[in-house]
Amino acid sequence: MDDGRGRSGADARTARPRRVRWPRLLLGLGLTLVLLAGLAVVGLEVLSNRYERTVVREQLLDPTARQKRTDPDGPLNYLLVGTDRWQSGSAADRRSDTILIVHVPAGGREAYLVSVPRDLLVAIPAGNGYGGGQDKINAAYEHGGGGQPGTRLLSATLSRLTGIRFDGAALIDFSGFRKVIDLLGGVRMCVDTEVRSIHTDRVFPVGCQQMDGGQALDYVRQRYDLPGGDYDRQTHQQQLLRAVLERTSETSLRTNPVKLDQVIRAVGGSLTVDTNGVPLEDLVLALRDLPADALRGVQVPSHPQTIDQVSYVVLDNAGNGLFEAVRGTRLPDWARANPRWVTRL
């Protein structure tokens, strides 16, 4: 069972004209991972083909969690899963450290990063040898066996809970993401509360500071000794994605093809993706007008609760209408009506 410190377990289109232009924001497969701005010197088709060759493709979504048909011009919902390698190198033993629903309303002018609490109490369906049962949602990845089957079980669990069918998914290896940050020369993060890392014993003082990949990922994984606990951790992870996007736009990638190639390969090497059959270029074109300052962080309405001496997170009133708003494309309205749970990143 859980020891209260984050461990969990049952036992423990209308066709668009092609443009030779790199978009302001490549959400596509990376789903908020990389911003390659103004790279007209390298054609869109050349870059996307190179990216396609570096990324691993697998069926990450369970059939019950998959949208029957993805329309890149319509509203899009993606599942973004980050795996935790701090404690184990075995995929079967790792928990999903980050679970995000990325919602992009039709038109591609804004994006919402909905952080799913890792300790959320859910009913996990049977799959891949697991008999099913109640547990923390981040345990679904492990119960499914990690990797592709683990992500499939996690997607089925989340879809059953929310009613959302996904247009695609990405599984992120955080060790690869650390390399992306280092290649970009680090990112600027603003620490709001001093915290000591439970992983490295590093102290992060209050204030804005430059962090390399290891420091940034260490910081955004902290949740103990923070006023909002795991809710603060969720906000910090959302802020890191924004910081990476901004940093990429500031670099000289357009005039440095060697560095550009390294970044593309690092991004591709850190991802396993499922695009639901949609070509990368179609996603890129659909999202080309999304500015970095149009990202919103959303937390799921919920509260911590101890059950049988185990610390969980429990939904407030079934999520207070959040999941219905995502399904019904009314998330912007929901965000305006629920500012407590929304952060402009």
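Look a little higher up for the structure.
Below is a summary of the structure that appears in this document. (Residues numbered from 1 in each chain as written. Predicted model: local features only at pLDDT ≥ 70, side-chain atom pairs only at ≥ 80, totals over all residues. Heavy atoms only, no water.)

### Details of the nonpolar core
Then, number 1: Counting 39 residues, the largest nonpolar core has F177, V187, M189, Y219 and L240 as its most contacted members.
Then, number 2: The contacts of M189, once residues within four sequence positions are left out, are G207, C208, Q209, M211, Y219, V220, H236, Q239, L240 and A243.
Then, number 3: Listed in part, the 38 residues of the second largest apolar core include Y141, L158, L322 and L331. (Core = buried A, V, L, I, M, F, W, Y, C linked by side-chain atoms within 4.5 Å. Buried < 20%, exposed > 50% of the residue type's maximum accessible area, 1.4 Å probe, protein only. Contact = heavy atoms within 4.5 Å.)

### Focus: helix α3 (residues 147–162)
Then, number 1: The end-to-end C-alpha distance of α3, which contains 16 residues, comes to 22 Å, matching closely the 22 Å that a straight helix rising 1.5 Å per residue would cover.
Then, number 2: At the exit of α3 stands G163, carrying a positive phi of roughly 80°. (Helix = DSSP H or I, 4+ residues; strand = E, 2+ residues; numbered from the N terminus. Expected span 1.5 Å × (residues − 1).)

### Considering the pattern of salt bridges
Then, number 1: Taken as a whole, this structure holds eight salt bridges when the rule is applied.
Then, number 2: Between R336 and D333 there is a salt bridge, with the nearest N and O atoms lying 2.3 Å from each other. Placement of both R336 and D333 in helix α10 (residues 331–337) is noted, with a separation of three residues, approximately one turn of the helix.
Then, number 3: Taking the relative accessible area as the measure of exposure, R336 reaches 61% and is therefore exposed. (Salt bridge = Lys/Arg side-chain N within 4 Å of Asp/Glu carboxyl O.)

### Considering the packing of aromatic side chains
Then, number 1: For the coordinates displayed, the defined rule picks out two aromatic pairs.
Then, number 2: Judged by centre distance (5.3 Å) and plane angle (55°), the ring pair of F204 and Y219 falls under tilted. Of this pair, F204 sits in strand β10 (residues 203–204) while Y219 sits in helix α5 (residues 213–220), placing them 15 residues apart in sequence.
Then, number 3: It is K136 that lies over the ring of Y312; its NZ or CZ is 5.6 Å from the centre. (Phe/Tyr/Trp six-rings, centres within 6.5 Å; stacked < 30°, edge-to-face > 60°. Lys NZ or Arg CZ within 6 Å of the ring centre and 35° of its normal.)

### As for the state of the cysteines
Then, number 1: This model, assessed by the stated rule, comprises one disulfide.
Then, number 2: Between the sulfur atoms of C190 and its disulfide partner C208 the distance amounts to 1.9 Å. Every disulfide takes its handedness from the sign of the S-S torsion; for C190 and C208 that torsion is 100°, giving right-handed. Pair noted here: C190 is in strand β8 (residues 187–191) and C208 is in strand β11 (residues 207–211), with a separation of 18 residues, a long-range link.
Then, number 3: Classification of C208 by relative accessible area gives partly exposed; the value is 39%. (Disulfide = S-S within 2.5 Å.)

### Observations regarding α5
Then, number 1: Within α5, six of the eight residues are buried, which leaves the element mostly enclosed by the surrounding structure.
Then, number 2: Every buried residue of α5 is listed here: G213, A216, L217, D218, Y219 and V220.
Then, number 3: One side-chain oxygen of the residue at the start of α5 lies 3.2 Å from the amide nitrogen of G214, identifying that residue as D212. (Polar contact = N/O pair within 3.5 Å; in protein donor to acceptor, adjacent residues only side chain to side chain.)

### Here we look at the side chain of D62
Then, number 1: Mapped onto the elements of the fold, D62 is located in the loop between β1 (56–57) and β2 (76–83).
Then, number 2: It turns out D62 is buried and unbridged, and the closest side chain with the opposite charge, R152, is 4.6 Å from it.
Then, number 3: In terms of polar contacts, D62 uses its side chain to reach the side chain of T64, at 2.5 Å.
Then, number 4: Once residues within four sequence positions are removed from consideration, D62 is found in contact with R152, S155 and A156. (Lys, Arg positive; Asp, Glu negative; His and termini not counted.)

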